[in-house]
Amino acid sequence: MAAGTPRIRPLTPAEVDIAVEWAAREGWNPGLADARAFLAQDAGAFRGLFLDDELAATLSATTYAGGFAFVGFYICRPDLRGRGLGYALWQETFAGLAGTVGLDGVLAQQENYARSGFVLAHRNIRYGGPAPATPPDARATRITPAHYPQVAALDRRCFGFARPDFLTAWLDPPHGRALMLAEDDLVKGYGVVRRCREGHKIGPLFATDARSAEALFGALAAEAQGGPVFLDVPEPNAAARALADAAGLAPVFETARMYRGPAPDLPLQDIFGITTFELG
C-alpha cells in the first residue's frame, strides 16, 4: 500500500488516461475520446494526489472564461479510501477556484456537497437502452462552417458560458459524429453522439423545440446501430423525458446538479441532453 506525504499536482496526459480508466471502473462509462476534448478546454483541469509518486486520488476542475468551473472525476483509489485523501485534494483544488462552480454528483452525496456550499439546482436522469430502429431524419446534417456561429451561440446559451476550444474538439469526435438541424438557414438544434466503453452517449442534445430534438436524437442514435445508447436528461424538461420514453429508453442513473455561487440561468426547456456529467 502506498504511504508517505501526500503531494498534489496537475496530471500528465498519461495520468489523465488513468483517471478515465478509474472512472470506467466506477461504472461511469466515459467516452473513448472524452479526455481529449476536456484538455482542449483546460490543459490543467485534471489534478491528482500522490503518495510516494503513486496516484491516490483524482479530481477535474475545468475552467471557463467568465468565472465558471465544473468539477468531475472525483475518485479515490479503492484501497486508499477512508483516509481523507480525496477530501484533501478537494480542499486544495477549491482553494484556487473563484466564481461559480458546478457539479453533477451522485444523489447520496448531496449533503456532503452542501457542506461545501453547493446548492441543488435540479436532478439529471440518465436514460439508456437499445437504440431505436427508426430511419434517420434527412434534415439532420453535418455542421457546416457557415452554420458554426449559430451552433456555438446555441451551445453558449444552453451551457451558460462560451467554450470554443472544447467545442472545436467535441464537434469532431473520433468515434462518433456531430449533427445539426436547420430550417430556412436557421439552426434549430445540434447534438453529438460518441462511442463509450459501453455503447454510445448522446450529449449534448440542444434544440429550440421538441420536434427538432426528436429528429436529431433519431439521427444520432442511428450511429449506435441498435446497440446501447444513453441520454442524460434534465429532470425538469418534461419533453425531454417524453422523448426518451418514446424511444424505449429507461432511467438507469441519476445525478444532482449543484452549484456553489450564482447558478447560471439555463434554458432547461431547450436542453434535451446535457453534454457530460463530468463537464456539465
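In case you missed it, the structure is sitting above this.
Note that the structure is predicted; figures quoted are calculated from it, not measured.

(A) Inspection of the packing of aromatic side chains at higher detail. The full count for this structure, using the stated rule, is 19 aromatic pairs. Each ring, one from Phe38 and one from Phe73, has its centre 6.0 Å from the other, and the planes form 75°; the classification is edge-to-face. In this pair, Phe38 is assigned in helix H2 (residues 34–41) and Phe73 in strand E4 (residues 68–76), connecting sequence segments 35 residues apart. Overall, Phe73 belongs to the buried group, its relative accessible area being 3%. Measuring from centroid to centroid gives 5.9 Å for Tyr190 and Phe206, while their planes differ by 80°, and the two rings are edge-to-face. Taken as a pair, Tyr190 in strand E9 (residues 186–195) and Phe206 in strand E10 (residues 200–207) lie far apart in primary sequence, 16 residues in all.

(B) Just the pairing of strand E11 (residues 228–234), in detail. With respect to burial, E11 is a largely interior element, six of its seven residues being buried. Relative to E11, strand E6 (residues 119–130) runs antiparallel, the two sharing seven bridges. Note that in E11 the partner of Ile125 across the bridge is Val233. Here E10 runs beside E11; their pairing, made up of three bridges, is parallel. Its bridge partner lying in E11, Lys201 is registered against Phe230. Handedness of the β-α-β unit built from E10, helix H7 (residues 210–221) and E11 comes out right-handed.

(C) Examining empty space enclosed by the protein more closely. A full pass over the atoms with the stated rule returns two cavities of 30 Å³ or more. By volume, the largest cavity is sized at about 110 Å³. Around the largest cavity, the lining is made up of 15 residues, and of these Cys158, Phe159, Arg257, Leu266 and Gly280 lie nearest the centre. Elements represented by at least two residues in the lining of the largest cavity include exactly E4, helix H5 (148–159) and strand E12 (250–260). Residues belonging to the lining of the largest cavity are distributed by class as follows: 11 nonpolar, three polar and one charged. In this structure, the second largest cavity occupies an estimated 60 Å³ of space. In terms of lining residues, the second largest cavity is bounded by Ala33, Asp34, Arg36, Ala37, Ala169, Trp170, Pro173, Pro174 and Arg194. Elements that contribute at least two residues to the lining of the second largest cavity include exactly H2 and helix H6 (164–170). Each residue belonging to the lining of the second largest cavity can be placed in one class, and the counts come to six nonpolar, no polar and three charged.

What counts as what
Residues numbered from 1 in each chain as written. Predicted model: local features only at pLDDT ≥ 70, side-chain atom pairs only at ≥ 80, totals over all residues. Heavy atoms only, no water. Phe/Tyr/Trp six-rings, centres within 6.5 Å; stacked < 30°, edge-to-face > 60°. Helix = DSSP H or I, 4+ residues; strand = E, 2+ residues; numbered from the N terminus. Buried < 20%, exposed > 50% of the residue type's maximum accessible area, 1.4 Å probe, protein only. Pairing = 2+ DSSP bridges. Right-handed = clockwise from strand over helix to strand, strands pointing away. 1 Å grid on protein atoms, 1.4 Å probe; cavity = no way out; pocket = protein on both sides within 12 Å on 5 of 7 lines; lining within 4 Å. Points joined across faces, edges and corners; volume = space filled by probe spheres on them. Nonpolar A, V, L, I, M, F, W, Y, C, P; charged D, E, K, R; others polar.

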